[in-house]
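Residue-level structure breakdown
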Amino acid sequence: MWQLRLSNLSEGDQRIGATIIYNEVAASYPVERAAGIAAEIQEAMPMVVSLQEASLIQRFVPTPSGLTLLDQIDQLGSLQADLAQLGLDYKLIAVTPEFDVRAPSDAGYYLRILDREAILVRADLPPQVLSVAGTQTGHFANLLSLPTPAGSVVATRGWASADIATAAGTVRVIDTHLEALSGAYAAEQAQELVTGAGPANTTLPVIVAGDLNSGPGTTTGAYNVIAGALTDTWAVTRPNDPGFTWPLHGEDLNLYQTLPGRRIDVIFERGLRPITDVLAGTSDLTPSGLYPSDPAGVIARLAIGPC
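The following paragraphs examine the structure supplied in this document. (Residues numbered from 1 in each chain as written. Predicted model: local features only at pLDDT ≥ 70, side-chain atom pairs only at ≥ 80, totals over all residues. Heavy atoms only, no water.)

1. Some words on the overall build of the chain
Rules: Only DSSP runs of H or I with at least four residues qualify as helices, and only runs of E with at least two residues qualify as strands; both kinds are numbered from the N terminus onward. As a reference, a globule follows 2.2 Å times the number of residues to the power 0.38, and the radius of gyration itself is taken over C-alpha atoms. Here the term buried applies to any residue with accessible area under 20% of the maximum for its type, exposed to any over 50%, and partly exposed to those in between, with areas from a 1.4 Å probe on protein chains only. Contacts are residue-level and defined by heavy atoms, with any inter-residue pair within 4.5 Å sufficient. Using a 1.4 Å probe, the Shrake-Rupley method yields the accessible areas, and only the shown protein chains count as cover for residues. Charge counting follows a simple rule: Lys and Arg are positive, Asp and Glu are negative, and His as well as the terminal groups are ignored. In this description, the location of a charge corresponds to atom NZ of lysine, CZ of arginine, CG of aspartate or CD of glutamate.
Secondary structure summary: the chain contains seven helices and 15 strands in total. In terms of overall size, the chain behaves like a compact globule, its C-alpha atoms giving a radius of gyration of 19 Å where 307 residues would be expected to give roughly 19 Å. Overall, the chain is about 60 × 40 × 40 Å in size when its C-alpha atoms are taken along their principal axes. Every one of the 307 residues in the chain was classed for burial, and the buried ones make up 45%. Within the chain, contacts between residues at least 6 apart in sequence are counted, and of these 70% link residues at least 24 apart. Total accessible area on the chain is roughly 13,600 Å²; 53% of this is exposed by carbon and sulfur atoms. Each charge class in the chain can be summarised by its mean position, and for the 17 positive and 32 negative side chains these summaries are 4 Å apart.

2. Considering unusual backbone geometry
Put simply, tryptophan 246 and proline 247 share a cis peptide bond, and its omega is -5°. Within the fold, proline 247 resides in the loop between helix H7 (233-237) and strand E13 (265-270). In the Ramachandran plot, tyrosine 29 falls in the positive-phi region, its phi being about 50° despite a non-glycine side chain. Looking at where tyrosine 29 falls in the secondary structure, it is placed in the loop between helix H2 (11-27) and helix H3 (30-44). For tyrosine 29, a relative accessible area of 44% puts it in the partly exposed group. Even without being a glycine, methionine 45 presents a positive backbone phi close to 50°. By the secondary structure assignment, methionine 45 is in the loop between H3 and strand E1 (48-51).

3. Notes on the nonpolar core
Soluble globular proteins tend to bury their nonpolar side chains together. Our working definition: In these notes, a set of buried Ala, Val, Leu, Ile, Met, Phe, Trp, Tyr and Cys residues joined through side-chain atoms within 4.5 Å is what counts as a nonpolar core.
Membership of the largest hydrophobic core comes to 18 residues, with the highest contact counts inside it found for Leu193, Ile226 and Phe268. Where this core is concerned, the elements lending two or more residues are helix H5 (183-194), strand E11 (206-211), helix H6 (221-227) and E13. At four residues, the largest contribution of residues to this core is made by H5. Apart from the residues within four sequence positions on either side, phenylalanine 268 is in contact with Val206, Ile207, Val208, Leu212, Tyr223, Ile226, Ala227, Leu230, Thr231, Asp232 and Thr233.

4. Let's talk about the pattern of salt bridges
Where we set the bar: A carboxyl oxygen of Asp or Glu within 4 Å of a side-chain nitrogen of Lys or Arg is what we treat as a salt bridge.
Applying the stated rule across the entire model yields 10 salt bridges. The closest approach of N and O atoms between aspartate 163 and arginine 172, which form a salt bridge, is 2.8 Å. Aspartate 163 gets classed as buried once you look at its relative accessible area, which sits at 14%. Each member of the salt-bridge network shares a partner with another, and the members are Asp100, Arg102 and Arg112.

5. A word on the packing of H3 against helix H4 (residues 75-85)
As a reminder, the rule being used: Fitted lines through C-alpha atoms serve as axes, helices being fitted only where they are in contact, and the angles separating the N-to-C directions of these axes extend from 0 to 180 degrees. Angular relationships are summarised with four words: roughly parallel below 35 degrees, roughly antiparallel beyond 145, roughly perpendicular across 65 to 115, and oblique for the angles in between. By convention, the crossing between two helices is left-handed when the near helix turns anticlockwise from the far helix through less than a right angle, and right-handed when the turn is clockwise. Note on residue classes: Ala, Val, Leu, Ile, Met, Phe, Trp, Tyr, Cys and Pro are nonpolar, Asp, Glu, Lys and Arg are charged, and everything else, Gly too, is polar.
Put simply, H3 and H4 touch, their axes get as near as 8 Å, and they point 50° apart. As the angle between them shows, H3 and H4 are arranged oblique. Handedness of the H3/H4 crossing: right-handed. In contact with Pro30, Val31, Ala34, Ala35, Ile37, Ala38 and Ile41 of H3, H4 contributes Gln75, Ser78, Leu79, Asp82 and Leu83. Looking at the contact of H3 with H4 residue by residue, the classes come out as nine nonpolar, two polar and one charged.

6. Concerning the side chain of aspartate 232
Mapped onto the fold, aspartate 232 is located in strand E12 (residues 231-232). For aspartate 232, a relative accessible area of 5% corresponds to the buried category. Leaving out residues up to four positions away in the same chain, aspartate 232 has contacts with Tyr223, Arg263, Val266, Ile267 and Phe268.

None of this, on its own, says anything about what the molecule does.
Structural data, given as structure tokens:
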């Protein structure tokens, strides 16, 4: 949780923390793991892919003309390149920038980490089979503030949605990532998602696919809010399987394998018919022995039409 590590620290400790965070990201082989996620997509060939924490990590160095980009790790860009290399035609249709933190390091560079969520759709299908009728993005009003030596930093969270038109009808797919450091804020964000002007407050059939940081095995406030308005597809198709998605790895430069005990990555529906749900990425380790994604991915197959 790099947001937490950079908060409540002195300026000197924050500089050290920025270096540790970058080293941890680099040591997790993000490019190699993006290739693993692309392989999972190739195996399942979903019509829509919902991504959370598709981060951009950049290092800048001071120059006479200002800060110059030294290098970057673009998790979303790497995944798109790997999909293309596999001959898969997936189009990026929505991106929501979220938590954006920048801090100097004790190694002489400035670090930026931009959290993003994104929606990809298959672009190889004829329009009568799948087309995008419209997209939206937004940020929640209830956002946690984190104290830092430079002042408070807002932990921006939000959502992206796409209205997917098929021969059987149009479905709104919503991708979201709720607050990790406060169950109360996560529950408020979930409430925004399903009420008022929230994207799930529509007459269209709805799919919500996201990292809730809430669910079976942990705090359930945000999960319960969404479950009050939509149906958890895993609970319908796999009622006797806990389906835990996180954590698969330990952290802090020690990416040991661990046993997941929480299901925080959930797919909800309304007005559809859940057919199957499976976890992705729980056995296909990368050449470095890492899981492609942590948490695990969730693949749901749904049919248009009520049960």
